[in-house]
Amino acid sequence: MNSYVTNGSGIFVHEKVKIGKNVTIGHCSCIGFGNSEDGEVIIEDNVTIGAFCVVHFGAVVREYAYIDHRCVIGIEVEIGKNTQVLSGKEVTYRAKIGKNCIIGGNVADRTIIEDDVTYLGEIAHSHRNANLNWDETEEPSPIIFKGSVIGVNALIIGARKIGPCAYIGAGEIVRTDVGQEIALMKGQMEPLSKYRGMFKTRCNE
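What you see as residue numbers is a count from 1 along each chain, following the sequence as written. It should be noted that, the model being predicted, local features are given only for residues of pLDDT at least 70 and side-chain atom pairs only at 80 or more, the latter also being counted only at that level, while totals for whole chains, interfaces and linings use all residues. Where side-chain values are given, they derive from all heavy atoms of the structure, hydrogens and water being excluded.

Quick look at the pairing of strand β5 (residues 30-33)
Here is step 1: Whether two strands pair depends on DSSP finding at least two bridges between them. Helix and strand assignments come from DSSP, with helices taken as H or I runs of at least 4 residues and strands as E runs of at least 2, each series counted from the N terminus. Note: strand β2 (residues 12-13) against β5, two bridges, orientation parallel. Across the sheet, residue Val13 finds its bridge partner in β5, namely Ile31.
Here is step 2: Two elements, β5 and strand β8 (residues 54-56), share three bridges in a ladder whose sense is parallel. In the strand pairing of β8, Phe33 is matched with His56.

Structure representation (structure tokens):
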């Protein structure tokens with residue numbers, strides 16, 4: 001049986017949405033947006049969804065997740081247990097985010113983010129052929145492996161593989177893969193151990 005608390009007015013929850021216990025939904029949010037044939041929306045127990053959020057059909061939000069104000073959760077997106085999506089961020093088509101993540105940047109289509117990742121950057125598809133229709137172009141997307149940290153405004157271009165336990169500094173541009181326990185700082189890749197604990201990934205928790 002659905003059991004959720006509305007925290008404000010103007011809230012829309014589609015009749016085909018499955019909502020667990022102790023779910024809170026904020027002012028003017030829409031849960032079940034778009035075409036219901038894209039799949040059912042599942043909101044598990046103890047989820048918090050802020051004000052002015054949109055959750056598309058096909059999305060799954062696992063227990064104890066926190067979706068901050070003004071977020072968009074796209075078609076067939078999965079948000080893992082105890083993950084936070086910070087204010088105003090968009091997680092788009094078929095992106096998968098693991099548990100215990102902090103998402104402070106927009107997440108592009110089909111991106112995979114494993115468990116215990118802090119992601120504060122941005123992702124850009126290569127879009128090598130500008131003559132193709134944007135909405136019909138599918139390109140490979142990044143994979144960010146467990147425990148990695150992506151700093152503020154770091155830009156990941158194309159289908160890069162990052163980690164596990166990698167550290168990308170703020171403002172870096174990522175054009176190649178970044179391996180396990182590697183830090184990318186000032187355009188240079190070095191073993192994370194070189195920094196003697198100055199920069200820590202989520203693998204050090």
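Focus: the nonpolar core
Here is step 1: Residues grouped as a nonpolar core are buried Ala, Val, Leu, Ile, Met, Phe, Trp, Tyr and Cys residues, joined through side-chain atoms within 4.5 Å. To sort residues, take the accessible area from a 1.4 Å probe on protein chains only and compare it with the maximum for the residue type: under 20% means buried, over 50% means exposed, and anything in between is partly exposed. With 43 residues, the main nonpolar core has Ile43, Ile67, Ile79, Val91, Ile113 and Tyr119 as its most contacted residues.
Here is step 2: Contacts are assigned to residue pairs that have any heavy atoms within 4.5 Å of one another. Discounting chain neighbours no more than four positions away, the residues touching Val91 are Val72, Ile73, Gly74, Val77, Ile79, Val85, Ile97 and Val107.
Here is step 3: Counting six residues, the second-largest nonpolar core is a separate cluster that includes Val149, Tyr167, Ala183 and Met185.

Focus on the pattern of salt bridges
Here is step 1: For salt bridges, the criterion is a side-chain nitrogen of Lys or Arg within 4 Å of an Asp or Glu carboxyl oxygen. Under the definition given, this model contains nine salt bridges.
Here is step 2: Between Lys194 and Glu190 there is a salt bridge, with its nearest N and O atoms 3.4 Å apart.
Here is step 3: Salt bridges sharing partners connect three or more residues here, namely Glu44, Arg62 and Glu78.

Topic: the sheet that holds β5
What links the strands of a sheet is backbone hydrogen bonding, and the strands pair in either a parallel or an antiparallel sense.
Here is step 1: Strand order in this open sheet of five strands is β2-β5-β8-β11-β14, and the pairing throughout is parallel. Pairing within the sheet leaves two strands with one partner each, and these edge strands are β2 and β14 (90-91).
Here is step 2: Both β8 and strand β11 (residues 72-73) contribute to a ladder of two bridges, which runs parallel. Each bridged residue has a counterpart across the sheet, and for Val54 the counterpart in β11 is Val72.

Section: the sheet that holds strand β3 (residues 18-19)
Here is step 1: Pairing in this open sheet of eight strands is parallel, and the strands run β3-β6-β9-β12-β15-β17-β20-β23 from one edge to the other. The strands lining the two open edges of the sheet, one partner per strand, are β3 and β23 (161-162).

Regarding the state of the cysteines
Here is step 1: In this description, the term disulfide denotes a pair of cysteine sulfurs within 2.5 Å. If you walk through the whole model with that rule in mind, you get one disulfide.
Here is step 2: In this model, Cys165 is linked to Cys203 through a disulfide, with the two sulfur atoms separated by 1.9 Å. Taking the torsion about the sulfur-sulfur bond, which here is approximately -80°, the covalent link between Cys165 and Cys203 counts as left-handed. Pair noted here: Cys165 is in the loop between β23 and β24 (167-168) and Cys203 is in the segment after β27 (188-191), with a separation of 38 residues, a long-range link.
Here is step 3: Between Cys30, a cysteine without a disulfide, and Cys53, which holds the nearest cysteine sulfur, the sulfur-to-sulfur distance is 11 Å.
Here is step 4: On the basis of relative accessibility, which here comes to 16%, the residue Cys30 falls in the buried class.
Here is step 5: With no disulfide partner, Cys71 has as its closest neighbouring cysteine sulfur the one in Cys53, 5.0 Å distant.

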